[in-house]
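Per-entry structural report
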Amino acid sequence: MKRLLTAPVKVYQKFISPAIPPSCRYYPTCSNYMIQAIEKHGVKGALMGIARILRCHPFVHGGIDYVPDHFSLRRNPNEDEGQ
């Protein structure tokens with residue numbers, strides 16, 4: 001199941017991403033985050049990746065946002081700069 005979920009992301013990374021300028025405001029990039037979340041949380045990780053992509057827009061501060069150990073659709077609170 002994890003291979004099925006990560007395959008479209010890997011196709012995006014290999015063929016689409018090199019053709020457009022980098023614009024992700026987070027580290028790791030949204031596509032890498034999606035793969036890591038799926039590896040760690042399975043189907044729930046795909047939801048986490050989609051939530052991350054929706055958070056990645058020009059009006060967000062961005063920064064470091066690693067995949068949390070526990071399922072959450074919010075930004076990883078351990079990595080906020082305010083703490």
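Just above sits the structure.
Structural notes, computed from the coordinates. (Residues numbered from 1 in each chain as written. Predicted model: local features only at pLDDT ≥ 70, side-chain atom pairs only at ≥ 80, totals over all residues. Heavy atoms only, no water.)

**Some words on the overall build of the protein**
Per the secondary structure count, the protein includes three helices and two strands. Along the chain direction, N to C, the helices and strands of the protein fall in the order α-β-α-α-β. Compactness check: the protein gives a C-alpha radius of gyration of 13 Å against a globular reference of 12 Å for 83 residues, within 12% of the reference. In terms of principal-axis extent, the alpha carbons of the protein reach across some 35 × 30 × 15 Å. In the protein, which comprises 83 residues, the share counted as buried stands at 31%. With an accessible surface of roughly 5,800 Å², the protein has 62% of that area assigned to carbon and sulfur atoms. For the protein, the distance from the average site of its 11 positive side-chain charges to the average site of its 6 negative ones is 9 Å. (Helix = DSSP H or I, 4+ residues; strand = E, 2+ residues; numbered from the N terminus. Rg over C-alpha atoms; globule rule 2.2 N^0.38 Å. Buried < 20%, exposed > 50% of the residue type's maximum accessible area, 1.4 Å probe, protein only. Areas by Shrake-Rupley, 256 points an atom, 1.4 Å probe, with all protein chains shown as cover. Lys, Arg positive; Asp, Glu negative; His and termini not counted. Charge placed at Lys NZ, Arg CZ, Asp CG, Glu CD.)

**Some words on the side chain of Arg75**
Note on placement: Arg75 falls in the segment after strand S2 (63-64). The class for Arg75 is buried, based on a relative accessible area of 19%. Within polar-contact distance, the side chain of Arg75 engages the backbone oxygen of Gly62 at 2.9 Å. A distance of 3.2 Å separates a polar atom in the side chain of Arg75 from the backbone oxygen of Ile64. (Polar contact = N/O pair within 3.5 Å; in protein donor to acceptor, adjacent residues only side chain to side chain.)

**Observations regarding the side chain of His41**
Inspection of the secondary structure assignment puts His41 in helix H2 (residues 30-41). Side-chain polar atoms of His41 contact the backbone oxygen of Pro68, separated by 2.9 Å. His41 has contacts with Met48, Val67, Pro68, Asp69, His70 and Phe71, leaving out every residue within four places of it along the chain. (Contact = heavy atoms within 4.5 Å.)

**A look at the nonpolar core**
The biggest cluster of nonpolar side chains holds five residues, and these are Val9, Met34, Ile35, Ile38 and Ala46. Counting residues per element, this core draws most heavily on H2, which supplies three residues. The residues contacting Met34, other than those within four sequence positions of it, are Val9, Gly45, Ala46, Gly49, Ile50 and Ile53. (Core = buried A, V, L, I, M, F, W, Y, C linked by side-chain atoms within 4.5 Å.)

**With respect to the state of the cysteines**
The final tally for this structure, using the stated rule, is zero disulfides. Cys56 forms no disulfide, and the closest cysteine sulfur to it belongs to Cys30, at a distance of 3.7 Å. (Disulfide = S-S within 2.5 Å.)

**Concerning the pattern of salt bridges**
Scanning all chains against the criterion turns up three salt bridges. The shortest N-O distance in the salt bridge between Arg55 and Asp65 comes to 2.8 Å. Linking Arg55 in helix H3 (residues 43-55) with Asp65 in the segment after S2, this pair joins segments that are ten residues apart in sequence. Accessibility assignment for this pair places Arg55 and Asp65 in one class, buried. Residues joined in a network through salt bridges with shared partners are Arg52, Arg55 and Asp65. (Salt bridge = Lys/Arg side-chain N within 4 Å of Asp/Glu carboxyl O.)

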